[in-house]
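Single-letter residue listing:
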Amino acid sequence: MPTSPRKKAPTPASIAMGNRIRTQREHLGFTQAKLASMLGVTVNAVTQYETGRASPRRERIPALLEALGKSIGWLLTGDDPLEEVKAQTSQEQAILLKARELSPEAQDILIKMIDALKK
């Protein structure tokens, strides 16, 4: 009896890229539906990007970068030299650089910790 092909699990890199897409989309105040409309894809496609189960097709990447206001380097690696320039103090820059070294899960925990400190 033939078995159905199993989908590959998302890689850490694809999960990290998905987290970057989701975080920037939320930062900009976009819903998944709005971003999907801007890219000419379905909401399910955006969900797949954000969970790391799929990557945007090559022809969609320029529109994604424009919609999110980011560079290809940021999309692929998370590095964004412009963000470092925007840091107002050396302390802000140190926090930003250290946060980038964390796993996506640890970054989520850090965000929750910062939110808790603001209360």
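Residues numbered from 1 in each chain as written. Predicted model: local features only at pLDDT ≥ 70, side-chain atom pairs only at ≥ 80, totals over all residues. Heavy atoms only, no water.

## Description of the packing of helix 1 (residues 12-27) against helix 3 (residues 43-51)
In helix packing, the relevant descriptors are the interaxial angle and the interaxial distance, both defined with respect to the helix axes. Put simply, the test is: Inter-axis angles, ranging from 0 to 180 degrees, are taken between N-to-C directions of lines fitted to C-alpha atoms, where helices are fitted over the stretch in contact. By definition, any uninterrupted DSSP run of H or I lasting at least four residues is a helix, any uninterrupted run of E lasting at least two residues is a strand, and each is numbered from the N terminus. Small angles under 35 degrees read as roughly parallel and large ones over 145 as roughly antiparallel, with 65 to 115 read as roughly perpendicular and the rest as oblique. Throughout, a contact is declared for two residues whenever any of their heavy atoms are within 4.5 Å. Only Asp, Glu, Lys and Arg are considered charged, only Ala, Val, Leu, Ile, Met, Phe, Trp, Tyr, Cys and Pro nonpolar, and every remaining residue, Gly among them, polar.
Running from N to C, helix 1 and helix 3 cross one another at 120°; their axes reach a closest spacing of 5 Å. Classified by the angle their axes make, helix 1 and helix 3 are oblique. Residues Ile15, Gly18, Asn19, Ile21, Arg22 and Arg25 of helix 1 form the contact with helix 3, whose participating residues are Tyr49, Glu50 and Thr51. Across the contact of helix 1 with helix 3, the residue classes break down as three nonpolar, three polar and three charged.

## Here we look at the nonpolar core
A general trend in soluble globular proteins is that nonpolar side chains are found buried together. Cut-off, in case you're wondering: We call a set of buried Ala, Val, Leu, Ile, Met, Phe, Trp, Tyr and Cys residues a nonpolar core when their side-chain atoms join them within 4.5 Å. Relative accessibility decides the category of a residue: with a 1.4 Å probe and only protein chains considered, values under 20% of the type maximum give buried, values over 50% give exposed, and everything between is partly exposed.
Ranked by size, the top nonpolar core spans 16 residues in total, and within it Ile21, Leu35, Val41, Leu64 and Leu75 carry the most contacts. Among the secondary structure elements, those contributing two or more residues to this core are helix 1, helix 2 (32-39), helix 3, helix 4 (61-68) and helix 5 (72-77). In terms of residues, this core owes the most to one element, helix 4, which gives five residues. Non-local contacts of leucine 35, meaning those with residues more than four positions away in its chain, are made with Ile21, Arg25, Val46, Leu64, Ala67 and Leu68.

## Some thoughts on the pattern of salt bridges
Defined as follows: By convention in these notes, a salt bridge is any Lys or Arg side-chain nitrogen within 4 Å of a carboxyl oxygen on Asp or Glu.
Overall, the coordinates contain five salt bridges when judged by the stated rule. Put simply, glutamate 26 and arginine 22 hold a salt bridge, and the shortest N to O gap is 3.6 Å. You can see glutamate 26 and its partner arginine 22 sitting in helix 1, four residues apart, about one turn around the helix. For glutamate 26, a relative accessible area of 45% translates into the label partly exposed.

## With respect to helix 3
Two residues of an α-helix separated by three or four positions point the same way, owing to the 3.6 residues in each turn. Taken together, the buried positions of helix 3 are occupied by Ala45, Val46, Gln48, Tyr49 and Glu50. Packing partners of the buried residues in helix 3 comprise helix 1 and helix 2. Count one or two residues on from helix 3 and you reach glycine 52, which has phi positive near 80°.

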